Amino acid sequence: FALFPSLVLQTFRLFSCEELSEGQPDSYRLISDMSQRCYMDAHLKFVLLLGVPMLIWYVIGFPAASLVWLRQANENMPWNLNAESDAKKYFTRQLKALPFYLMYRGYLPQFYCYEVVVLVRKVLIVCFGVFISDVSFQSAAAVLLIVISLLLLAK
């Protein structure tokens, strides 16, 4: 989870371009390397072979997979386990939920999937930082996102 924002940042940087002069056909340059023309030659190869898979795998796939895993593991979560007569079955179910411990531990049972909201919020914060150049608009968007996520938690 600590590595996730860095991976999202590097993914978004592959798509972050800026127009140097208006009206020129090849004036879009990659912000992280101004010698690279956007979506031409080497940059196009990087976007297609590295950027798109990273976008699918990390930015979209990891939060989506986390949601699916958490929903599937919900029946084995500690709050859904009763002290069953079969101790082996009880501990087996607890072990199934153990890989998801860090994802649900800090939340009430009804908010066990809130970690996915946190992941989406991280993606959007990084997106604001990369694609919005105006600092005041960037700050306003981030504050609005935090307020919305707090409202989701309050419901």
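Right above here is the structure, for reference.
Owing to the predicted nature of the structure, the values given are computational and were not obtained by experimental measurement.

Colleague: What is the right way to read the overall build of the protein from this model?
Modeller: Within the protein one finds six helices and three strands. Expressed as a percentage of its 155 residues, the buried residues of the protein come to 28%. Counting contacts in the protein only where the partners sit at least 6 residues apart, residues at least 24 apart contribute 53% of the total. With an accessible surface of roughly 10,200 Å², the protein has 65% of that area assigned to carbon and sulfur atoms.

Colleague: What should I look at first to understand the sheet that holds strand 3 (residues 33-37) in this one?
Modeller: Across a sheet, paired strands are connected by hydrogen bonds in the backbone, their directions being either parallel or antiparallel. Pairing in this open sheet of three strands is antiparallel, and the strands run 1-2-3 from one edge to the other. Every interior strand has two partners, whereas the edge strands, strand 1 (17-19) and strand 3, have only one. In this sheet, adjacent strand axes meet at a mean angle of 45° when their direction is disregarded. Inspection of the sheet shows strand 2 (residues 28-30) paired to strand 3 by two bridges, in the antiparallel sense. Counterpart to R29 in the pairing with strand 3 is R37.

Colleague: It is not clear to me how the side chain of S16 should be interpreted in this structure. Could you clarify?
Modeller: As for its position among the elements, S16 is in the loop between helix 1 (4-13) and strand 1. Given a relative accessible area of 6%, S16 falls into the buried group. With near-sequence residues (within four places) excluded, S16 lies in contact with R29, L30, I31, V130 and F131.

Colleague: Is there a simple way to think about the nonpolar core in this case?
Modeller: What tends to happen in soluble globular proteins is that the nonpolar side chains get buried as a cluster. If you look at the biggest cluster of nonpolar residues, it comprises eight residues: F4, V8, F12, V59, L119, V123, V126 and V130. Elements with a minimum of two residues in this core: helix 1 and helix 5 (114-131). Those residues in contact with V126 that lie beyond four places of it in its chain are P5, V8, L9 and F12.

Conventions we followed
Residue numbering note: each chain is counted from 1, following its sequence as written. It should be noted that, the model being predicted, local features are given only for residues of pLDDT at least 70 and side-chain atom pairs only at 80 or more, the latter also being counted only at that level, while totals for whole chains, interfaces and linings use all residues. The basis for every side-chain value is the complete set of non-hydrogen atoms in the structure, without hydrogens or water. Secondary structure is summarised from DSSP: a helix means a run of H or I of at least four residues, a strand means a run of E of at least two, and numbering begins at the N terminus for each. Burial classes: relative accessible area under 20% of the type maximum marks a residue as buried, over 50% as exposed, and values in between as partly exposed (1.4 Å probe, protein chains only). The contact rule is simple, with two residues in contact once any of their heavy atoms fall within 4.5 Å. Using the Shrake-Rupley algorithm and a 1.4 Å probe, accessible areas are obtained, with residue cover drawn only from the displayed protein chains. By definition, two strands form a pair when at least two bridges between them are found by DSSP. The axes used here are C-alpha line fits, helices contributing only the stretch in contact, and every angle between their N-to-C directions lies in the interval 0 to 180 degrees. Within this scheme, the nonpolar core is defined by two criteria: the residues are buried Ala, Val, Leu, Ile, Met, Phe, Trp, Tyr or Cys, and they are joined through side-chain atoms within 4.5 Å.

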